[in-house]
Amino acid sequence: MSVARLIWTGWLFHMKTLTLSGFFLLTSFVQPMIFASIAFFLVEAGGQPGTLLYAALGAGMMGIWSSTLFGSGGAIQWQRWQGTLELLVAAPAPFLLVLLPLALATASIGLYSLTMTLLWGRLLFGVPLELVHPFAFIVAVPATVLGLGLLGLLLASTFILYRHANAMSNLLEYPVWLVTGLLVPVSLLPVWVEPLSWVLAPTWGVRAIRDAAIGGDPWPAIGMCLLLGAVYFALATVFLRHFERLARERATLALT
Amino acid sequence: MTSLRVFFIGGRIAYRALFNWISPWIYIPTMLGSPFFQILFFTYLGRFAGVEDDAFFVVGNAVQVCAMAGVYAACMTIANERYFATLAPLLATPANRLALFLGRGVPVLLNGLFISAFGFVVGWVFLDFSPASGSLLPLAVVLVVTVFSCTAFGMGLGSLGLRTRDVFFAANLAYYLLLLFCGVNVPLADLPTWMQEVAKCLPLTHGIAAAREVAAGASLSSVASLVWTELGIGVVYASVAFGLFRLLEAEGRRRATLETI
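Residues numbered from 1 in each chain as written. Chains lettered and ligands numbered in written order. Predicted model: local features only at pLDDT ≥ 70, side-chain atom pairs only at ≥ 80, totals over all residues.

Side note on the overall build of chain A
- In terms of regular secondary structure, chain A is built from 12 helices and 0 strands.
- The N-to-C order of helical and strand elements in chain A reads α-α-α-α-α-α-α-α-α-α-α-α.
- Taken along the three principal axes of its C-alpha coordinates, chain A extends 60 × 40 × 35 Å.
- Burial status across chain A gives 51% buried among its 256 residues.
- In chain A, of all internal contacts separated by at least 6 residues, the share reaching a separation of at least 24 is 81%. (Helix = DSSP H or I, 4+ residues; strand = E, 2+ residues; numbered from the N terminus. Buried ≥ 20, exposed ≤ 12 C-beta atoms within 10 Å, placed from the backbone. Contact = placed C-beta atoms within 7 Å.)

As for the overall build of chain B
- For chain B, the count of helices and strands is 12 helices and 0 strands.
- N-terminal to C-terminal, the α/β element order of chain B is α-α-α-α-α-α-α-α-α-α-α-α.
- On C-alpha atoms alone, chain B measures out to a radius of gyration of 19 Å, which is about the 18 Å that the 2.2 N^0.38 rule sets for 261 residues.
- In chain B, buried positions account for 53% of the 261 residues.
- For chain B, contacts bridging at least 24 residues in sequence account for 81% of all contacts bridging at least 6. (Rg over C-alpha atoms; globule rule 2.2 N^0.38 Å.)

A look at the environment of Leu 6 of chain A
Residue and element names in this part refer to chain A.
- Topologically, Leu 6 is positioned in helix α1 (residues 2–19).
- For Leu 6, a count of 16 C-beta atoms within 10 Å corresponds to the partly exposed category.
- Distance in space between the C-alpha atoms of Leu 6 and Phe 233 is 17 Å, their sequence separation being 227 residues.
- If sequence neighbours within four positions are ignored, Leu 6 has contacts with Ala 93 and Leu 97.

Looking at the interface of chain B and chain A
- At the interface, 31 residues of chain B touch 28 residues of chain A.
- Secondary structure elements with two or more residues in the side of chain B that touches chain A: α2 (24–49) and α9 (167–181) of chain B.
- With 16 residues, α2 of chain B is the largest single contributor of residues to the side of chain B that touches chain A.
- In terms of residue class, the side of chain B that touches chain A is made up of 20 nonpolar, 8 polar and 3 charged. (Nonpolar A, V, L, I, M, F, W, Y, C, P; charged D, E, K, R; others polar.)

Quick look at the packing of helix α2 (residues 22–46) of chain A against α2 of chain B
- Two numbers describe how α2 of chain A lies on α2 of chain B: the axes approach to 8 Å, and their chain directions differ by 35°. Residues Leu 42, Val 43, Ala 45 and Gly 46 of chain A of α2 of chain A form the contact with α2 of chain B, whose own contacting residues are Leu 45, Gly 46 and Ala 49 of chain B.
- Here the contact of α2 of chain A with α2 of chain B is built from residues that sort into 5 nonpolar, 2 polar and no charged. (Axes fitted to C-alpha atoms, helices over the stretch in contact; angles between N-to-C directions.)

Quick look at the nonpolar core
- One finds Ala 39 of chain A together with Cys 75, Ala 171 and Ala 211 of chain B to be the most contacted residues of the largest nonpolar core, which totals 172 residues.
- Looking at this core element by element, the count peaks at 13 residues for helix α8 (residues 134–158) of chain A. (Core = buried A, V, L, I, M, F, W, Y, C linked by C-beta atoms within 7 Å.)

Here we look at unusual backbone geometry
Residue and element names in this part refer to chain B.
- Here Glu 52, not a glycine, exhibits a phi torsion of approximately 55°, which is positive.
- Checked against the element boundaries, Glu 52 lands in the loop between α2 and α3 (54–64).
- In this structure, Leu 204 is a non-glycine residue whose phi angle is positive, near 85°.
- Mapped onto the fold, Leu 204 is located in the loop between α10 (193–200) and α11 (205–215).

As for the confidence of the model for chain A
- Per-residue confidence for chain A gives a mean pLDDT of 89; residues scoring 70 or more make up 98%.
- The secondary-structure element of chain A with the lowest mean pLDDT is helix α4 (residues 75–82) of chain A, recorded at 81, while helix α11 (residues 201–214) of chain A shows the highest, at 95. (pLDDT = per-residue confidence, 0-100.)

As for the packing of α8 of chain A against helix α12 (residues 219–250) of chain A
All names here are of chain A.
- Remark: α8 packs on α12, axes separated minimally by 8 Å, with the N-to-C direction vectors making an angle of 20°. By the angle between their directions, the pair α8 and α12 is classed as roughly parallel. Along this stretch, α8 crosses α12, giving a crossing that reads as left-handed.
- When its residues are assigned to classes, the contact of α8 with α12 shows 21 nonpolar, 5 polar and no charged. (Parallel < 35°, antiparallel > 145°, perpendicular 65-115°, else oblique. Left-handed = near helix turned anticlockwise from the far one by under 90°.)

A word on the environment of Leu 113 of chain B
All names here are of chain B.
- Take Leu 113: it is sitting in helix α7 (residues 105–126).
- With 20 C-beta atoms packed within 10 Å, Leu 113 lands in the buried category.
- Between the C-alpha atoms of Leu 113 and Val 59, which are 54 residues apart in sequence, the distance is 13 Å.
- Ignoring any residue separated from it by four or fewer positions in sequence, one finds Leu 113 in contact with Leu 143, Val 144 and Val 147.

Concerning the environment of Ala 156 of chain A
- Take Ala 156 of chain A: it is sitting in helix α8.
- Ignoring any residue separated from it by four or fewer positions in sequence, one finds Ala 156 of chain A in contact with Ser 72, Gly 73, Ala 75, Ile 76, Leu 99 and Ala 103 of chain A.

Here it is, written out as structure tokens:
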């Protein structure tokens, strides 16, 4: 019960904090609208029918990945800057459970971007919003957020020893957009990219959401998203324990 | 003589002190890694959409990534004076303000040129892009002018940092808007008319158009009007940026807000 309360309270706290952050407003509202607009203009210019909703969903997912990447990737760094990292590590609650709600919140705030790109597409570009499998869509979205949130937790746990985590976040934004097929189908990329896409939750998340919205069978992709989430969680538990111990031994926890 | 020292040496010191991403651990992933993947991403998106060819996206993005320096670095080398609490001592000096201001732009400009050149190499090595023979020199001229105008634009944003609390929000926003408006990825003719009109007043737009023609084999003289327009836009932005710098310096003194964060 106390674990559930810790996660809920932490998630709510971080949702409120992130909603007030100018940077996350930019990442969740403005940036997805700009990328969605570029995608809409290109798709329209290319004259491929039926790709507007495909692009809108992809652009929304790009926003979810960006907020997860910058939020979770920068989580440890921000705690360092604010001087709260040692306090959180020393707290009676396991550090993993302190980080988990933050990672989930950074993915959840990306839902703003999915909503924004769909509304933006509908209002300005006439994107059709009829969902083929509405129930599956309702399941696919939180499953995707959970999968990405747990990937965020894995990022946060591995970045604990890296002092320039924000730079790594800057680097990882575009490649994951590309490799996971959020806007560009993976089949257009070199063959060696495909296995990489299989181990990344956004690949299955966007597939689940698209299959639910445009047509197809979303359930296998939803299952993969949840399965990968479980794997990320297990890895994050191991990494966090190991890296936290290393940081304590080397006395580098608070170093910026 | 003192002004020259402020311009060259002061500009270099300010850049080294205030540009947060100068460490290789940050510079390589942020200033080179991110543009690298940006170019790949949009080129593949163009292939998927069936719009234009690789050269269109490579040239557009390779020129636009100079804004990594032109916008972010320019902003930092001015606005960080306030965030690092060195603005008041700096403005207490009798240093020539024009030399002090413009000197900061030189390292930024060189950095922007390097990033754009890197972008062209990425397109040449990894994508289907090969500039016409003999186009390198004219391309370099176009690039210098375009990076200058983008740097001037970024210095204007940096000057706003003397007053606004979060100028980096504006810098991020500007970077993405340049991506949308300036014909980097979407051909200008496919944008709504009002966006085309806005694009004409922004840096990069004319430079990118000129770079595309030159890379395809056109001579420098045939794109002279585009290059002169880009240069003119750069001069206007530089003048506005310096005007803002002086205005906000005076305002900061009057309101005692030079150190307010």
